[in-house]
Amino acid sequence: MSSTPNPQTRPRSVALARLVRAVQQQILRGTLEYEQFGQVPDKPHMQNYWFSTPGEPDTPQEVFDHLHWGGQFVYVCTDQVQAQQVAANFHDQGGFVMERSVQRIVTRVAGLWLPGFSKKGYFFIARKLLLVLPGQMTDRFTYHVQLVRNPQADYGYVVYKEVPTLDNVAWRLREKHPDIPEETIVKRARKLVENVFPIFLTRETAILNILQRDLPKSYRHRVPKVIGYEKDDRGFVRRLYLNWLRLGGETMSQIEFAKQTADLLRVLHNDGGVIHLDLRLDNFVISNGEVSFVDFGSAVRDGEDLSQSPMLTSLFEEMMRTSQIQRLLGKWANSGRITNKVIREKFQHVDKAIDFFYMAVQMNRPHHNPEFQDLVHCDKTSLEAEQISALTASILRPKDPDNPAFQSAADILEGIHQIEKFLVSQEDQAA
Ligand SMILES: Nc1ncnc2c1ncn2[C@@H]1O[C@H](COP(=O)(O)OP(=O)(O)OP(=O)(O)O)[C@@H](O)[C@H]1O
Ligand SMILES: [Mg+2]
């Protein structure tokens, strides 16, 4: 762990390096956020603070993918006009908001301002609020999700999840299906924006409140809490405010990641009585060194009778036919990569097996979520990775497919505990 700000493309002049340090010491140091997130791992993939000076990246496009969600871009230079010109690139655009507008900074010597020695400069700080660069297309996210200011919240921000606009949805459908007539595109986009997305956001709000009631206390912080929501005149939630499970914490081992994931899923199923149905790695967050699940938009309560509502029945049928997870399950079942009867039988069904199937797959590839590169240590050549991969193989292709050993998240957690014991015994032998 080192305290140098960020990997520089080229050496920074002594004067600029002193000014950057002055911003760190006089502006950032002592803030909860900088104390918690200011440390930079060696060779980081993504960061919470990016410091730039003239000649280094100075546009949202250049720094966006290097900053974690909510991360801050700090620009330092000696010329006020230059600072304002660069600040203009980040002023409520490019997915950023101005956290501190251009202001003066003076280096100190032994804490003192010494004429002739102290150096004057200018800096500003902008924070990344969006998940995707404006104008960029992505399949990773459906809703408009961003950080919004809330002075009461940790770090002053909460998560805001909103039904996307008709234009945005029509644009994405047009990009994906260029051959479909415009009229059909708009009709489909209207159905999604006026019915489908509000229904799922309303369900997500209700399910998150249920989880805060039914999950054991010690697990409630590992799913988002509803802070507020706004409904439309039909009573559907269109805007949802959630606490920000900010990414961070000590780097964990792959086995720890797998264990925490299986344990949380066990509790979600057994105590929360909720099936997530969309456990893609994008819907995982690692916050304060703990695995959390977000995005309960597709979730269903265990035993919930969807047939009560023809609308829900058709929506979930379509989702169970088209979801990324279900399509993979179908493909692997056909190719013989899944023989486990309990999982195969639930193809295109709403069931806990969908969750533990996909969890078994994800625990082998935490880095498929780029934000986890520095938070989960993965070494494909390690005994640990080999053991987890072997566990996944025995979950999907058990000795007795009709009576598989792994039929729940709890079973998989037990399997992970066995691996942990084995790895410890290996270490003891090696010691
Ligand atoms: N409360 C939260 N704390 C931290 N990060 C969050 C939180 N809620 C959402 N996120 C982040 O925002 C991303 C998008 O949010 P979410 O998954 O809820 O919406 P979505 O992806 O648009 O929905 P879907 O997965 O159904 O397409 C998540 O992948 C996660 O990285
Ligand atoms: Mg999501």
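Since the structure is predicted, the reported quantities are computational estimates derived from the model, not experimental observations. Throughout, residues of each chain are indexed from 1 in the direction in which the sequence is written. Here chains are named by letter from A upward and ligands by number from 1 upward, in the order in which they appear as written. Two thresholds apply to this predicted model, a pLDDT of at least 70 for residue-level local features and 80 or more for giving and counting side-chain atom pairs, whereas whole-chain, interface and lining totals are computed over all residues. In computing side-chain properties, one takes all heavy atoms of the structure into account and sets aside hydrogens as well as water.

K.L.:
Would you mind showing me how to read the sheet that holds strand S7 (residues 226-231) here?
P.N.:
Across a sheet, paired strands are connected by hydrogen bonds in the backbone, their directions being either parallel or antiparallel. The 4 strands are arranged S5-S6-S8-S7 in an open sheet whose pairing can be described as antiparallel. Each having just a single partner strand, strand S5 (144-149) and S7 make up the two edges of the open sheet. Adjacent strand axes in the sheet meet at a mean angle of 20°, parallel and antiparallel pairs treated alike. Two residues qualify as a contact provided that any one of their heavy atoms is within 4.5 Å of a heavy atom in the partner residue. In this analysis, axes come from line fits to C-alpha atoms, helices being fitted only over the stretch in contact, and the angle between any two N-to-C directions falls in the range 0 to 180 degrees. What counts as a helix is a DSSP run of H or I of at least four residues, what counts as a strand is a run of E of at least two, and both are numbered from the N terminus. Contacting strand S6 (157-162), S7 and strand S8 (237-242), helix H6 (residues 182-214) runs over the sheet at an angle of about 35° to S8. A pair of strands counts as paired when DSSP detects no fewer than two bridges linking them.

K.L.:
Looking at this structure, I do not really get the environment of Ser394. What am I missing?
P.N.:
Tracing the sequence through the fold places Ser394 in helix H12 (residues 383-396). When the C-alpha atoms of Ser394 and Leu306 are compared, they prove to be 32 Å apart, with 88 residues separating the residues in sequence. Two N or O atoms count as a polar contact when they lie within 3.5 Å, although within protein this holds only if one can serve as hydrogen donor and the other as acceptor, and sequence-adjacent residues are included solely when both atoms are side-chain atoms. Within the local environment of Ser394, its side chain forms a polar contact with the backbone oxygen of Leu391, the two atoms lying 2.8 Å apart.

K.L.:
Teacher, can you tell me more about the pattern of salt bridges here?
P.N.:
Oppositely charged side chains can form a pair if their charged atoms are brought close together. For this document, the term salt bridge refers to a Lys or Arg side-chain nitrogen within 4 Å of an Asp or Glu carboxyl oxygen. Taken as a whole and assessed by the stated rule, the structure comprises 22 salt bridges. When the shortest N-O distance is used, the salt bridge between Glu204 and Lys161 registers 2.7 Å. With Glu204 in helix H6 and Lys161 in strand S6, this pair connects stretches of sequence that are 43 residues apart. No difference in accessibility class separates Glu204 from Lys161, as the two residues are buried. Several salt bridges share partner residues, and in doing so they unite Glu33, Glu99, Arg127, Arg149 and Arg246 into one network. For the exposure calls, accessible area comes from a 1.4 Å probe over protein chains only, and a residue counts as buried if that area is under 20% of its type's maximum, exposed if over 50%, partly exposed in between.

K.L.:
How should I be thinking about the coordination of the magnesium ion (ligand 2) in this particular structure?
P.N.:
Tetrahedral coordination by four donors sets the ideal angle at the metal to 109.5 degrees; octahedral coordination by six donors sets it to 90 or 180 degrees. Counted as donors are the N, O and S atoms within 2.8 Å of the metal, or 3.2 Å for Na, K and Ca, while water is not among the atoms, so some sites may look incomplete. Coordination of the magnesium ion (ligand 2) by the protein is provided by Asn283 (OD1) and Asp295 (OD), with metal-donor distances spanning 2.1 to 2.3 Å. Of this pair, Asn283 sits in the loop between strand S10 (274-275) and strand S11 (284-287) while Asp295 is found in the loop between strand S12 (290-293) and strand S13 (300-301), placing the two residues 12 residues apart along the sequence. In terms of burial, Asn283 and Asp295 fall into one category: buried.

K.L.:
Honestly, the domain arrangement of the protein in this entry has me stumped. Any pointers?
P.N.:
How large an interface is tends to be reported as the accessible area lost when its parts come together. Where each domain begins and ends follows an automated or database-derived domain assignment. Assigned domains of the protein: these are domain 1 (14-128), domain 2 (137-244) and domain 3 (250-431). Taking only C-alpha atoms, the centre of domain 2 and the centre of domain 3 are 24 Å apart. On the side of domain 3, 31 residues touch domain 2, which itself brings 22 residues to the contact. At the boundary of domain 2 with domain 3, the tally comes to 2 salt bridges. Put simply, Glu304 and Arg203 hold a salt bridge, and the shortest N to O gap is 2.8 Å. Connecting domain 2 to domain 3 are 10 residue pairs in polar contact (both at pLDDT 80 or more). A total of 12 residues in the side of domain 2 that touches domain 3 trace back to one element, the largest contributor, which is H6.

K.L.:
Quick question: what am I supposed to make of the packing of helix H5 (residues 166-176) against H6 here?
P.N.:
For any two helices packed against each other, the geometry comes down to the angle between their axes and how far apart the axes lie. Between H5 and H6, whose axes approach to 9 Å, the crossing angle comes to 130°. With respect to each other, H5 and H6 are oriented oblique. Note that H5 runs across H6; the crossing there is right-handed. On the side of H5, the interface is formed by Leu166, Val169, Ala170, Leu173 and Arg174, while H6 contributes Glu182, Ile185, Val186, Arg188, Ala189, Arg190, Leu192, Val193 and Phe197. In this scheme, roughly parallel covers angles under 35 degrees and roughly antiparallel covers those over 145, while 65 to 115 is roughly perpendicular and the rest are oblique. What makes a crossing left-handed is the near helix being turned counterclockwise from the far one by less than a right angle; a clockwise turn instead makes it right-handed.

K.L.:
How should I be thinking about helix H13 (residues 409-430) in this particular structure?
P.N.:
Counting along an α-helix, one turn takes 3.6 residues, and residues three or four places apart therefore face a common direction. Helix span is expected to be 1.5 Å times the residue number reduced by one. Between its first and last C-alpha, H13 extends 31 Å over 22 residues, near the 32 Å set by a 1.5 Å rise per residue. Contacts from the buried residues of H13 go to helix H7 (254-270), helix H11 (352-362) and H12. Capping of H13 at its N-terminal end is provided by Ser408; its side-chain oxygen lies 3.3 Å from the backbone amide nitrogen of Ala410.

K.L.:
Would you take a moment to explain the site of ligand 1 for this structure?
P.N.:
Around ligand 1 sit 20 residues in total, of which Thr142, Tyr143, Lys161, Asp282 and Asp295 are the nearest. At 2.8 Å, a backbone N or O of Asn243 approaches a nitrogen atom of ligand 1. Accessible areas in this description were obtained via Shrake-Rupley with a 1.4 Å probe; residue shielding takes into account the shown protein chains only. Out of a free accessible area of 600 Å², ligand 1 has 93% covered by protein chains. Here the residues of the shell around ligand 1 are counted per class, giving 11 nonpolar, 3 polar and 6 charged. Composition of the shell around ligand 1 by domain shows at least three residues from each of domain 2 (137-244) and domain 3 (250-431). Working definition: residue near molecule or strand if any one of its non-hydrogen atoms lies within 4 Å of it. The nonpolar class holds Ala, Val, Leu, Ile, Met, Phe, Trp, Tyr, Cys and Pro. Asp, Glu, Lys and Arg form the charged class, and all remaining residues, Gly among them, are polar.

K.L.:
Would you take a moment to explain the sheet that holds strand S1 (residues 47-52) for this structure?
P.N.:
Taken in spatial order, the 4 strands line up as S1-S2-S4-S3 in an open sheet, and their pairing is mixed. The two strands at the open ends of the sheet, each matched to only one other strand, are S1 and strand S3 (96-106). If you compare each strand with its neighbour and ignore which way they point, the axes differ by 15° on average. Looking at chain direction, strand S2 (residues 67-77) and strand S4 (residues 120-128) are connected through 6 bridges and run antiparallel. By the bridge assignment for S4, Tyr75 is matched with Phe124. Strands S1, S2, S3 and S4 of the sheet are contacted by helix H1 (residues 14-28), whose axis makes an angle of about 110° with S3. Packing against the sheet, helix H4 (residues 80-90) makes contact with S2, S3 and S4, and its axis sits at approximately 170° to S3.

K.L.:
Sorry if this is basic, but what is going on with the confidence of the model for the protein here?
P.N.:
In low-pLDDT segments, the atomic positions of the prediction should not be examined closely. pLDDT is a residue-level measure of predictor confidence that goes from 0 to 100. For the protein, per-residue confidence averages 93 on the pLDDT scale, and residues scoring 70 or more make up 97% of the total. Every residue in residues 1-7 scores below 50 in pLDDT, and together they form 21 contacts with partners more than four places removed in sequence or on other chains.

K.L.:
Looking at this structure, I do not really get the environment of Arg149. What am I missing?
P.N.:
You can see Arg149 is positioned in strand S5. A relative accessible area of 49% means that Arg149 is categorised as partly exposed. With 187 residues separating them in the primary sequence, Arg149 and Gly336 have C-alpha atoms 50 Å apart. Once you skip the residues sitting within four places of it in the chain, Arg149 turns out to touch Val97, Met98, Glu99, Gly156 and Tyr157. A distance of 3.0 Å separates a polar atom in the side chain of Arg149 from the backbone oxygen of Met98. Separated by 3.3 Å, the side chains of Arg149 and Tyr157 make a polar contact.

K.L.:
Even after reading the chapter, I still don't get the nonpolar core, so can you show me in this structure?
P.N.:
The nonpolar side chains of soluble globular proteins are, as a tendency, buried together. In this text, buried Ala, Val, Leu, Ile, Met, Phe, Trp, Tyr and Cys residues form a nonpolar core when linked through side-chain atoms within 4.5 Å. Phe257, Phe293, Phe296, Phe357, Ile395 and Ile412 are the most contacted members of the largest nonpolar core, which totals 109 residues. When near neighbours in sequence (up to four residues on either side) are disregarded, Ile395 contacts Asn340, Ile343, Ala360, Met363, Phe406 and Ile412. Ranked by size, the runner-up nonpolar core spans 18 residues in total, among them Val63, Met98, Tyr122 and Ala126.

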